[in-house]
Amino acid sequence: MKKVDVLLGLQWGDEGKGKVVDVLTPNYDIITRFQGGPNAGHTLEFNGEKYILRSIPSGIFQGGKINIIGNGVVIDPILFKEEAVSLAANGHNIVNQLYISKKAHLIMPAHRFLDAANEAAKGTGKIGTTGKGIGPAYTDKISRNGLRTGDLLHDFDKKYTTAKLRHENMLHAMDYAYNIAELEAEWFKALEYLKNFKFIDSEHVINEFLQEGKTVLAEGAQGTMLDVDFGSYPYVTSSNTICSGCCTGLGIAPQNIGEVYGIFKAYCTRVGEGPFPTELKDETGERMCSRGHEYGSVTGRKRRCGWIDTVALRYAIMINGVTKLIMMKSDVLDTFDTIKVCIAYRINGKETARFPFEVAEVKIEPIYAEIDGWKTDMTKMKNQDEFPKEFNVYLTFLEETLGVPISIVSVGPDREQTIVR
């Protein structure tokens, strides 16, 4: 029986997972998404084209691959339709390639208003939600009030009416003004489009594929430090972004997890609110942002930038059981004289190498090691033999600090700008 390999982000999301999945998919028969919603945009660039995937697995561009949206994902039918129609217009016949779990929950029209109302109620303590209704959809799931794609096959109108009434009562109680009619009409049209796809008992199908010897890659969304349990709570997403989320989001046993690929940037970014120990609010941070084009692929929001944080990375590697590391956007640091690496924190005068519970409550002073920059354009490099000496020093330092080999290095956004070591 084959095992499921897992690919996930180790920082605060936006690590470049979409590109890596696209690079790795030739080695797999099935690509899956196991958590998250359309707030996560995976960007892929090849053949002069740029694509942003929000709900659909990144293996959709590899002909003949089966792609599965797992039960741990929440789906907005409107945004799903936009994404699927755009892919179809570019010649990608996804109806025959994409399966959807019957147990995946639906983002309902009122969820967007509830998202906005909840955020407004927080005032200065806002989380920085994307406002797409993902949090309220997961809230309904946990409180046993959600709707699933499989419900489209079983007395759906009655179930939706009950859910809508509950949502409207909540919005009235919060004294939040809303107009659901136009959004609701569009939502029902999108539901009809969604029905063109095959709804499956994904846990059975995936395990049967494994029994048949098929190879499966599970694609995570967001990043480890946004995990609802182990991230920088409360400034997190609403799902489990870590490796164990693959088990609950697909219905596979822990013993059936194989390689765990951990993706990280050569520096660090975060979008929205929340703690960010190595954030740079100066010219250096602006330079990283500009060179890395650090704007959200879905929201367009500017990302905060800072030096790499190995305290948080070691924590993420431990939680996920990472077996191989993949470093993205190495080329963004090509012009820096000195590269800094956070190797520990100082909190209330005490040094620690542990990621603290109080990350959102205390002032953290990062402790840095400094490494000479390579001052070389790496974007045209094709193999590791071309790496500058200083870059190899950076790689070795990170591998020794993190305790896991860096097996892939990305030196640009295109799938061809990927070097396997």
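Reading guide: rules and limits
The numbers attached to residues start from 1 for each chain and follow its sequence in the written order. Selection of residues for local features in this predicted model requires a pLDDT of at least 70, selection of side-chain atom pairs for listing and counting requires 80 or more, and totals for whole chains, interfaces and linings are taken over all residues. Side-chain figures throughout are based on the complete set of non-hydrogen atoms in the structure, without hydrogens or water. Axes, fitted as lines to C-alpha atoms, cover a helix only where it is in contact. Angles between the N-to-C directions of the axes lie from 0 to 180 degrees. Runs of E in the DSSP output that reach at least two residues are strands. Runs of H or I that reach at least four are helices, and both are numbered from the N terminus. Any angle that is under 35 degrees is reported as roughly parallel, and any over 145 degrees as roughly antiparallel; angles of 65 to 115 degrees are reported as roughly perpendicular and all others as oblique. Should the near helix be turned anticlockwise from the far one by less than a right angle, the crossing is termed left-handed; should it be turned clockwise, right-handed. Residues count as neighbours in contact if any of their non-hydrogen atoms are within 4.5 Å of one another. Here the nonpolar group is Ala, Val, Leu, Ile, Met, Phe, Trp, Tyr, Cys and Pro; Asp, Glu, Lys and Arg are the charged ones; every other residue, Gly included, is treated as polar. Pairing between strands is defined by DSSP: at least two bridges between them are needed. When a carboxyl oxygen of Asp or Glu lies within 4 Å of a side-chain nitrogen of Lys or Arg, that pair is called a salt bridge. Relative accessibility under 20% of the residue-type maximum defines a buried residue, over 50% an exposed one, and the middle range a partly exposed one, all with a 1.4 Å probe and only protein chains included. Buried Ala, Val, Leu, Ile, Met, Phe, Trp, Tyr and Cys residues form a nonpolar core when they are joined through side-chain atoms within 4.5 Å.

Undergrad: Looking at this model, I keep getting lost on the packing of helix α2 (residues 77-89) against helix α6 (residues 181-194). Mind explaining?
TA: For any two helices packed against each other, the geometry comes down to the angle between their axes and how far apart the axes lie. At a minimum axis separation of 8 Å, α2 and α6 run at an interaxial angle of 55 degrees. By the angle between their axes, α2 is oblique relative to α6. Like other packed secondary-structure pairs, α2 and α6 cross with a definite hand, here left-handed. Here Pro77, Ile78, Phe80, Lys81, Glu82, Ala84 and Val85 of α2 come into contact with α6, specifically with Leu183, Glu186, Trp187, Ala190, Leu191, Tyr193 and Leu194. Classifying every residue of the contact of α2 with α6 gives eleven nonpolar, no polar and three charged.

Undergrad: Sorry if this is basic, but what is going on with the environment of Ile317 here?
TA: Inspection of the secondary structure puts Ile317 in helix α10 (residues 310-320). Considering only alpha carbons, one finds Ile317 and Pro109, 208 residues apart in sequence, at a separation of 37 Å.

Undergrad: Before we go on, may I ask you to explain the sheet that holds strand β11 (residues 257-265) in this structure?
TA: The strands making up a sheet associate through hydrogen bonds between their backbones, and the pairing can be parallel or antiparallel. Read across the sheet, ten strands follow the order β9-β7-β5-β2-β10-β1-β11-β15-β19-β20 without closing on themselves; strand pairing throughout is mixed. Because the sheet does not close on itself, it has two edges, and the strands there are β9 (198-200) and β20 (418-420). Between one strand and the next, the sheet's axes are offset by a mean angle of 25 degrees, whatever the strand orientation. The sheet contact formed by strand β2 (residues 30-33) and strand β5 (residues 66-69) spans four bridges and is parallel. Each residue of the ladder has a partner; that of Ile31, found in β5, is Asn67.

Undergrad: Help me understand the pattern of salt bridges, please; the structure alone is not making it clear to me.
TA: Should their charged atoms come close, side chains of opposite charge can pair. Summed over all chains, the structure comprises 19 salt bridges. Taking the shortest distance from any N to any O, the salt bridge between Glu294 and Lys265 comes out at 2.9 Å. Taken together, the residues span a long stretch of sequence, with Glu294 in the loop between α9 (283-292) and β13 (304-306) and Lys265 in strand β11 at a distance of 29 residues. What makes Lys265 buried here is its relative accessible area of 0%. Beyond isolated ion pairs, a larger network of salt bridges with shared partners links Asp14, Lys265, Glu294, Arg303 and Lys329.

Undergrad: Got a minute to help me understand the pairing of strand β16 (residues 338-347) in this structure?
TA: The side chains of a regular strand alternate, residue by residue, between the two faces of the sheet. Where strand β14 (residues 308-309) lies against β16, two bridges are found, and the strand directions are parallel. Looking at the pairing, Ile308 lines up with Val341 of β16. Bridging between β16 and strand β17 (residues 350-352) involves three bridges; their strand directions are antiparallel. When the bridges of β17 are listed, Ile347 appears paired with Lys350. Between β16 and the antiparallel strand that follows it, β17, lie two residues; Asn348 among them carries a positive phi value of about 50 degrees.

Undergrad: Honestly, the packing of helix α5 (residues 156-173) against α6 in this entry has me stumped. Any pointers?
TA: Two elements in contact, α5 and α6, have axes separated by 14 Å at closest approach and are oriented at 150 degrees. In terms of their interaxial angle, α5 and α6 are classed as roughly antiparallel. For the pair α5 and α6, the sense of crossing is right-handed. Residue-level contacts link Phe156, Asp157, Tyr160 and Lys164 of α5 to Glu184, Trp187, Phe188 and Leu191 of α6.

Undergrad: Please explain the environment of Gly133 as it appears in this structure.
TA: Inspection of the secondary structure puts Gly133 in the loop between α3 (109-122) and α4 (134-142). Looking at Gly133, the relative accessible area reads 0%, which means it is buried. Along the primary structure Gly133 and Asp385 are separated by 252 residues, whereas in three dimensions their C-alpha atoms are 47 Å apart. Setting aside residues no more than four positions away along its own chain, Gly133 makes contact with Ile107, His111, Arg112 and Asp115.

Undergrad: Just checking my understanding: could you explain the nonpolar core for this structure?
TA: Counting 58 residues, the largest nonpolar core has Leu333 and Tyr394 as its most contacted members. No other element matches the five residues that helix α11 (residues 389-402) contributes to this core. In this structure, Leu333 is in contact with Ala266, Tyr267, Met288, Trp307, Ile339, Trp374 and Tyr394, ignoring residues within four places of it in sequence. Ranked by size, the runner-up nonpolar core spans 36 residues in total, among them Phe113, Ala190, Leu191 and Phe199.

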